[in-house]
Amino acid sequence: MRLLGAIGAAALSGLAMTLQGTFNALLGKRVDLPAMVLSVHATGLAVSVLFYLLSGRPRRLTGLAEVPWYAHAGGLLGVLIILGVAYALARTGVGLGVGVILAAQLTTAVVIDHFGWFGTQRIAADGPRLLGVILMIAGAGLLARRSPP
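Small disclaimer: the values here were computed from a predicted structure and weren't measured. (Residues numbered from 1 in each chain as written. Predicted model: local features only at pLDDT ≥ 70, side-chain atom pairs only at ≥ 80, totals over all residues. Heavy atoms only, no water.)

### Observations regarding the overall build of the chain
Here's step 1: A tally of helices and strands in the chain yields 5 helices and 0 strands.
Here's step 2: Helices and strands in the chain line up, N terminus first, as α-α-α-α-α.
Here's step 3: In terms of overall dimensions, the chain has a C-alpha envelope of 50 × 45 × 30 Å along the principal axes.
Here's step 4: Across the 149 residues in the chain, those meeting the buried criterion constitute 15%.
Here's step 5: Positive and negative charge centroids in the chain, built from 11 and 4 side chains respectively, lie 10 Å apart. (Helix = DSSP H or I, 4+ residues; strand = E, 2+ residues; numbered from the N terminus. Buried < 20%, exposed > 50% of the residue type's maximum accessible area, 1.4 Å probe, protein only. Lys, Arg positive; Asp, Glu negative; His and termini not counted. Charge placed at Lys NZ, Arg CZ, Asp CG, Glu CD.)

What follows is the structure in structure tokens.
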């Protein structure tokens, strides 16, 4: 049952990412990309602060200093992701842009799993996993065949 809940959360996150990219691309067409990134992260900061304050959980911020330096890269990566997705989706269409993003995510995930980087469990990149990556890349390629120039 826990796995089903995790899969549901992953699916909901995928839906939210696609909508977010679509909305950010629209916003980026109306204002420049730096203004779009600032707007998105200001909104995200406000919601994050509210969530933190209303969570009722212990406020253990001192633990932030105990994690490896690269664990703090999420904020920087968030800016790069927001920029890249908005730029790409506005120019490729949502289908191709998301297809390439998913293929890149899956490829990166399989490499991270294979080597057990960043403290993750090692899961070998065996035939079925590699076939999944190849099929995802092929799917993105098929989407590119009908995309705008």
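Back to the text.
### Looking at the pattern of salt bridges
Here's step 1: Summed over all chains, the structure comprises 1 salt bridge.
Here's step 2: A salt bridge links Asp 113 to Arg 129; the nearest nitrogen and oxygen atoms lie 2.6 Å apart. Here Asp 113, found in helix α4 (residues 94-115), pairs with Arg 129, found in helix α5 (residues 127-144); they are 16 residues apart in sequence, far enough to count as distant.
Here's step 3: Classification of Arg 129 as partly exposed rests on a relative accessible area of 25%. (Salt bridge = Lys/Arg side-chain N within 4 Å of Asp/Glu carboxyl O.)

### What about the nonpolar core?
Here's step 1: Counting residues in hydrophobic clusters, the biggest one holds 5 residues: Met 36, Val 37, Val 40, Ile 82 and Ala 86.
Here's step 2: Contributions of two or more residues to this core are made by α2 (33-54) and α3 (74-92).
Here's step 3: Top contributing element to this core by residue count: α2, with 3 residues.
Here's step 4: Residues within four places of Ile 82 in sequence aside, it is in contact with Gln 20, Asn 24, Met 36, Val 37, Val 40 and His 41. (Core = buried A, V, L, I, M, F, W, Y, C linked by side-chain atoms within 4.5 Å. Contact = heavy atoms within 4.5 Å.)

### As for the side chain of Asp 113
Here's step 1: A distance of 2.6 Å separates polar atoms of two side chains, one belonging to Asp 113 and the other to Arg 129.
Here's step 2: With residues up to four places along the chain from it excluded, the contact list for Asp 113 reads Gln 121, Arg 122, Ile 123 and Arg 129. (Polar contact = N/O pair within 3.5 Å; in protein donor to acceptor, adjacent residues only side chain to side chain.)

### Examining the environment of His 114
Here's step 1: Here His 114 lies in helix α4.
Here's step 2: Under the relative-accessibility criterion, His 114 is labelled partly exposed at 28%.
Here's step 3: When the C-alpha atoms of His 114 and Ala 124 are compared, they prove to be 4.6 Å apart, with 10 residues separating the residues in sequence.
Here's step 4: Excluding residues that lie within four positions of it along the chain, His 114 makes contacts with Arg 122, Ile 123, Ala 124 and Ala 125.
Here's step 5: Of the polar contacts made by the side chain of His 114, one reaches the backbone nitrogen of Ala 125; its length is 2.9 Å.

The values reported here are purely geometric and, on their own, carry no functional implication.
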